[in-house]
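# Architecture at a glance
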Amino acid sequence: MSTTRSSVTPISENAFDIARRQFDIAADLLHLDSNLRAVLRNCKRELTVNFPVKMDDGSIRVFQGYRVQHNIARGPAKGGLRFHPSVSLDEVRALAMWMTWKCAVVGIPFGGAKGGVICDPKRLSTSELENLTRRFATEISLLIGPDRDIPAPDVNTSPQIMSWFMDTYSMAVGHSVPAVVTGKPQSVGGSEGRMEATARGAVDVIQEFAKQRQFTLNGARVVIQGFGNVGSPLASFLQNLGCRVVGVAEENGAIYNPRGFDASRLRLYKRETGSIVGFNGSDPVYPVGVLELPCDILIPAALEGQITQRNADRIKARLVVEAANGPTTPEADAILGERGVVVVPDILCNAGGVTVSYFEWVQDLQSFFWDEDEVNQRLQKVMSRAYQSVARTADDHNVSLRTAAHILAISRVADATRTRGIFP
Ligand code: NAD
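Residues numbered from 1 in each chain as written. Predicted model: local features only at pLDDT ≥ 70, side-chain atom pairs only at ≥ 80, totals over all residues. Heavy atoms only, no water.

The next point concerns the pattern of salt bridges. Tallied over the full model, the rule gives 30 salt bridges. The salt bridge involving Arg-134 is made with Glu-130; its shortest N-O contact spans 2.8 Å. In this pair, Arg-134 and Glu-130 are both assigned in helix α5 (residues 126-140), 4 residues apart and thus about one turn of the helix distant. Exposure remark for Arg-134: the relative accessible area of 24% places this residue in the partly exposed category. (Salt bridge = Lys/Arg side-chain N within 4 Å of Asp/Glu carboxyl O. Helix = DSSP H or I, 4+ residues; strand = E, 2+ residues; numbered from the N terminus. Buried < 20%, exposed > 50% of the residue type's maximum accessible area, 1.4 Å probe, protein only.)

In structure tokens form, the structure reads like this:
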């Protein structure tokens, strides 16, 4: 079966094509008029920058980066910054569009944006990384501001990088502007609970799903691809709920143990050694094969385009929880749907990060900070309400959770666009 599917004419796995195809499916069901479609299918602003960075050996390297704002009908643009060799303009466009839908699904008053720099931060020293961050912040600052566009962490960007970004912007305007980025360290205006917010929000959604669909979490086998900001706390949270984390993959290796790992010890091991490979009691497996390991819950928490028409037939999980953005192609969605595998979509599942980023922005603007319990309780309320709305929409329209989340989000953004009107 998989041979037949992988031999069909290849369909674009370009992330922006995929984001647009997902949009089209929901827009068709909404009977969205062609004018609004044209507005929402395109990104509002796209900035490409080529900027020099002084390296430690005295040489100058020119890097390319992007900041894309997809839509700002519901509020200022919001979205992370990615530092990775595979960043491209189309990837950033897709991620910006998904941010618009994500903010709308959870009902927070932001539009969608994303940024990225083509680089391999693992090959940069700390001072080179700081130089790159500060120069990139300056280059894109014409789009950025606490009322305009607020970046946050994404793949390979950290609270320290957000802190450099905030400092660079603040130096230019002559006073401290903590609300210009989120995901900062708490010493410079970061929020309690932001570091683990994406994982915590995903767990809130998983628990809502489990309650509603009578899916037993106690003893459920979990495989996680990506053990970074999102994947690693998620492993611990799921273990606390009684799940067994049996497989974990990172870029440089993957491990498997059918009896399950101690997630907290694995996190400690990674912190000490820089890798998950070699963890006590684990067998090494190929990172690409990890998605096909026997499990109940599969959690892509790395990059997009991981579950495609080439491997969807071989996924053994009953539930795919998209902690990453864009891990599943529309063709894979269809195959998983036919096989009865439920996919909890990215724009719902990983919205906990941007939700607590919103809380951080609100706290910064008010200079009034909440304790962690308050942050987590508010997050839980937002995530469970969003899940209920998406599940209801899925039932009403008899569609997948992904299409339901898109229907909900697109109708909210379309409504704001219609209500504001087209200027002039
Ligand atoms: P990160 O840089 O902290 O971690 C990424 C992880 O993915 C690392 O463990 C890396 O080794 C692994 N990885 C990369 N390529 C891989 C491959 N080919 N196979 C297996 N593992 C691979 O990034 P993150 O912040 O945890 O982001 C992960 C995903 O979650 C991304 O899709 C991101 O857009 C999404 N996301 C992040 C946040 C956030 O708050 N950080 C919020 C929403 C969504």
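Before going further, it helps to examine the sheet that holds strand β2 (residues 60-71). Spatial strand order, β1-β2-β4-β3-β5: 5 strands in an open sheet with mixed pairing. Strand pairing shows two members of the sheet lacking a second neighbour, β1 (45-54) and β5 (149-153), which therefore form its edges. Recorded for the sheet is a direction-independent mean angle of 25° between the axes of neighbouring strands. For strand β3 (residues 77-84) and strand β4 (residues 111-118), the ladder comprises 6 bridges, and the chain directions are parallel. Across the sheet, Leu-81 pairs through a bridge with Gly-115, a residue of β4. (Pairing = 2+ DSSP bridges. Axes fitted to C-alpha atoms, helices over the stretch in contact; angles between N-to-C directions.)

So, about the state of the cysteines. Under the counting rule described, the total for this entry stands at 0 disulfides. As a non-bridged cysteine, Cys-103 has Cys-43 as the owner of its nearest cysteine sulfur, 14 Å distant. Free cysteine Cys-349: the closest other cysteine sulfur is in Cys-243, separated by 13 Å. (Disulfide = S-S within 2.5 Å.)

Another point: the site of the ligand. Near the ligand lie 22 residues; those nearest to it are Asp-154, Thr-198, Glu-250, Ala-302 and Asn-325. One of the side-chain nitrogen or oxygen atoms of Arg-194 is found 3.3 Å away from an oxygen atom of the ligand. Between an oxygen atom of the ligand and a main-chain N or O atom of Ala-302, the distance comes to 2.8 Å. Protein chains bury 88% of the 830 Å² of accessible surface belonging to the ligand in isolation. Here the shell around the ligand is built from residues that sort into 9 nonpolar, 8 polar and 5 charged. Taken together, domain 1 (43-188) and domain 2 (197-349) each give at least three residues to the shell around the ligand, which thus spans both. (Near = heavy atom within 4 Å. Polar contact = N/O pair within 3.5 Å; in protein donor to acceptor, adjacent residues only side chain to side chain. Areas by Shrake-Rupley, 256 points an atom, 1.4 Å probe, with all protein chains shown as cover. Nonpolar A, V, L, I, M, F, W, Y, C, P; charged D, E, K, R; others polar. Domains from an automatic or database assignment.)

The subject of this paragraph is the packing of helix α12 (residues 352-366) against helix α13 (residues 372-397). Their axes nearest at 10 Å, the elements α12 and α13 cross at an angle of 130°. Put simply, α12 runs oblique to α13. Relative to α13, α12 is oriented so that their crossing is right-handed. Contact residues: α12 offers Gly-352, Thr-355, Val-356, Phe-359 and Gln-363, while α13 offers Val-375, Arg-378, Leu-379, Val-382 and Met-383. (Parallel < 35°, antiparallel > 145°, perpendicular 65-115°, else oblique. Left-handed = near helix turned anticlockwise from the far one by under 90°. Contact = heavy atoms within 4.5 Å.)

Now for the pairing of β5. Within β5, 5 of the 5 residues are buried, leaving the element largely enclosed by the surrounding structure. As judged from the 5 bridges shared by β3 and β5, these two strands associate in the parallel manner. Within β5, the position partnered with Leu-81 by the bridge is Pro-153.

Here the focus is a positive patch on the surface. Together, Lys-44, Arg-45, Arg-148 and Arg-420 make up a region of like positive charge exposed at the surface. If you trace the backbone, Lys-44 turns up in the loop between α3 (34-40) and β1. We classify Lys-44 as partly exposed; its relative accessible area is 47%. (Patch = residues over 30% accessible without salt bridge, like charges linked within 9 Å, V, L, I, M, F, W, Y side chains within 5 Å. Lys, Arg positive; Asp, Glu negative; His and termini not counted. Charge placed at Lys NZ, Arg CZ, Asp CG, Glu CD.)

Turning to the nonpolar core, a few remarks are in order. The biggest cluster of nonpolar side chains holds 93 residues, and the ones touching the most others in it are Trp-98, Trp-101, Ile-297, Ile-299 and Val-344. Here this core takes 11 residues from helix α4 (residues 89-105), the largest share from any one element. Each of two domains, domain 1 (43-188) and domain 2 (197-349), supplies a minimum of three residues to this core. Filtering out sequence-adjacent residues up to four positions away, Ile-299 remains in contact with Val-222, Val-223, Ile-224, Gln-225, Leu-234, Leu-238, Val-321 and Ala-323. If you look at the next biggest cluster of nonpolar residues, it comprises 27 residues, including Phe-51, Met-55, Leu-132 and Val-180. (Core = buried A, V, L, I, M, F, W, Y, C linked by side-chain atoms within 4.5 Å.)

Counting all residues, the mean pLDDT for the protein is 96, and 98% of those residues have values of 70 or more. Low confidence marks residues 1-9, where pLDDT is under 50. Its contacts with residues over four positions away, or in another chain, come to 10 contacts. (pLDDT = per-residue confidence, 0-100.)

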